[in-house]
Structure formats: structure tokens, C-alpha cells
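Structural characterization, general
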Amino acid sequence: MTSAPTPQQAKTGPQQGYADIAQAARAVGLQIYGALHPCERPVKGLSHGTLILLGCGAAYWPIFTRSPEYLEARPDPVDRWSTRVIGSLAANLGATAHFPFGGPPYTPFVDWALASGRAFTSPSQMMVHDEVGMLISFRGALHFDQSFDIPPPPLAHSPCATCTTQPCLTSCPADAMVEGGPYDLAACHHHLETPAGVACMTQGCRARCACPLSQGAGRPIEQTAHHMRYFHPS
């Protein structure tokens, strides 16, 4: 658990504010997916300061595909890119970087995301975000010892509460997502092995893409196909 800030840290605050952090994230293809003060919203692993959750932004894919991690054709390019880019952001902004990979043990990103008030559990039990829907993709987080102003979550409740069609439950050709869960991972992988699964492999998970909010991710098909190849290697 991170130690409590010193009196000096508590007084000074970061040189950058929330808007500056958001701008720095956008410059490298990321966006803020959520933020919270652990002292106000208790979460695992942290007790103070300000936590900023980062995920893929609309500019991520063209930036990533020009990166050395992508061009080197070595394993785990997305994770290596995230480590370098978010690690650099942390160093420049005076924060500590955390990542959802590299375990076990794993950093509790699901706990942090739900506590931010911007991510929710969908009817299928998969996570949904208020802006990028079910194409949510956390790449890392920045933890600042200081507490500074962050905007409140834009929604008072889960967007699923007012979604009348709930296409996440009806769009999966393998019926792998059902109300209340659990997600049938075996059925999903089996479907992807068949000719009928080619569309999912090349265009993305039908259920995740069907979420009305997923359009907000601005994700190109090539990016989704890249992630599907890692999810289901041939």
C-alpha cells in the first residue's frame, strides 16, 4: 500500500492540473477513462492522493502503429508501448505509473474503474464505460501523492439502466454473453475457430461493438482485429 503523503506534498499539489494531464495524455494517444481520490472512494492498494485512469484514445492506433514496439514485431507490443509511454508520462508529471498487466499479482484496475464512477458492470457482467462503451481498454494509471480537483462522473447511474435494447446480450453469435453472466469463454473461443467466427476476428467482438456507447471509442477495425488476434491466437 502506498504510504501517506508528507505535509509538504499535501500542501504543494501537482504543478499540472487535471486539464493539463488530459492534454498530455491525448498527445500520446491516450485519454482519461476515470479519476478518483482514494481517501474519498476507498479502493484496493491506495489510500491517498489522486488516481488518473488512462485508456486508448481516438488517436491511439495511428500513434501506436508508428512506434518501435509495433514495428519491432516482438511479443506484447501494446504492453511494451504502454510501459514506455505511461512510464514517461509519470516521470514528466511527477506521478507513479501502474499497469493492468505484468502479474500475478495484478493491480486492481477493475476495482479502481468501478470506484471512479465512470465504469459499470453491464448486464452480461462485462465492463462498460460512459464514453467508450464496451470497447473500454485500460492501458495504465497515474497516481499522484497530491490531491487535486477532478471533474465529477458525467452519469449518475449505469448507462445500461436506460438501454432498452441491450444489444450486448443478443449480438453474440456464440451466445457467450447472457444476462447475469458468466461470460462463456469456451464457447467464444470455439466460435472463433469456425468459419462463422471470421467476422468477429476481423471486425471485433460483436457484442462489445454492439453497445451503443462503443462508437465513442473511435476505434478503427484494424485496431480491434489486432486485439482479437492476441485474445485468440491462431
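Before going into details, it helps to say that this report is about the structure given with it.

Reading the values: rules and limits
- Numbering of residues starts from 1 in each chain and follows the order in which that chain's sequence is written.
- A pLDDT threshold of at least 70 governs which residues receive local features in this predicted model, and a stricter bar of 80 or more applies before side-chain atom pairs are shown or counted, although totals over entire chains, interfaces and linings include all residues.
- Here the side-chain values reflect all heavy atoms present in the structure, with hydrogen atoms and water set aside.
- Only DSSP runs of H or I with at least four residues qualify as helices, and only runs of E with at least two residues qualify as strands; both kinds are numbered from the N terminus onward.
- Whether two residues touch is decided by their heavy atoms; if any such pair falls within 4.5 Å, the residues are in contact.
- At least two DSSP bridges between two strands are needed for those strands to be called paired.
- Geometry is summarised by axes, namely lines fitted to C-alpha atoms with helices restricted to the contacting stretch, and by angles between N-to-C directions that run from 0 to 180 degrees.
- Throughout, exposure labels follow a simple rule: accessible area from a 1.4 Å probe, protein chains only, divided by the maximum for the residue type, with under 20% read as buried, over 50% as exposed, and the rest as partly exposed.
- Between N or O atoms, a polar contact is any pair within 3.5 Å; within protein, one atom must be a potential hydrogen donor and the other a potential acceptor, and residues adjacent in sequence are included only when both atoms are from side chains.
- Note on aromatic pairs: the rings of Phe, Tyr and Trp (six-membered ring only in Trp) are paired at centre separations within 6.5 Å, and the planes decide the class, stacked below 30 degrees, edge-to-face beyond 60, tilted for the rest.

As for the environment of P212
When you line up the elements, P212 lands in the loop between helix 9 (206–210) and helix 10 (221–231). Along the primary structure P212 and T165 are separated by 47 residues, whereas in three dimensions their C-alpha atoms are 9.6 Å apart. Residues contacting P212, with those up to four places away along its chain left out, are C163 and P167.

Thoughts on the sheet that holds strand 6 (residues 138–144)
A sheet is described by the order of its strands in space; here four strands give the open sequence 1-2-6-3, paired in antiparallel fashion. Each end of this open sheet is capped by a strand with a single partner; those strands are strand 1 (30–36) and strand 3 (96–98). Each strand of the sheet is rotated relative to its neighbour by a mean of 25°, with strand direction disregarded. Packing of helix 2 (residues 18–27) onto the sheet brings it into contact with strand 1, strand 2 (50–56) and strand 6, and relative to strand 1 it is tilted by some 145°. Its contacts with the sheet place helix 5 (residues 77–93) against strand 1, strand 2, strand 3 and strand 6, and it is angled at close to 20° to strand 6.

Quick word on the side chain of S214
Relative to the helices and strands, S214 resides in the loop between helix 9 and helix 10. A residue is classified by how much of its surface remains accessible, and S214, at 2% relative accessible area, is buried. Here the side chain of S214 touches M134 through a polar contact of 3.1 Å, landing on its backbone nitrogen. Setting aside its immediate chain neighbours within four residues, S214 contacts V132, G133, M134, L135, R208 and C209.

Some remarks on the packing of aromatic side chains
Counting across every chain of the model gives twelve aromatic pairs. For the ring pair Y60 and F64, a centre distance of 5.4 Å and an interplane angle of 10° mean the geometry is stacked. Placement of both Y60 and F64 in helix 3 (residues 60–64) is noted, with a separation of four residues, approximately one turn of the helix. Taken as a pair, Y60 and F64 share a single burial class, namely buried. An aromatic cluster is present here, built from Y60, W61, F64, Y70 and W81 joined pairwise through their rings.

Any functional reading would require information beyond the geometric quantities listed.
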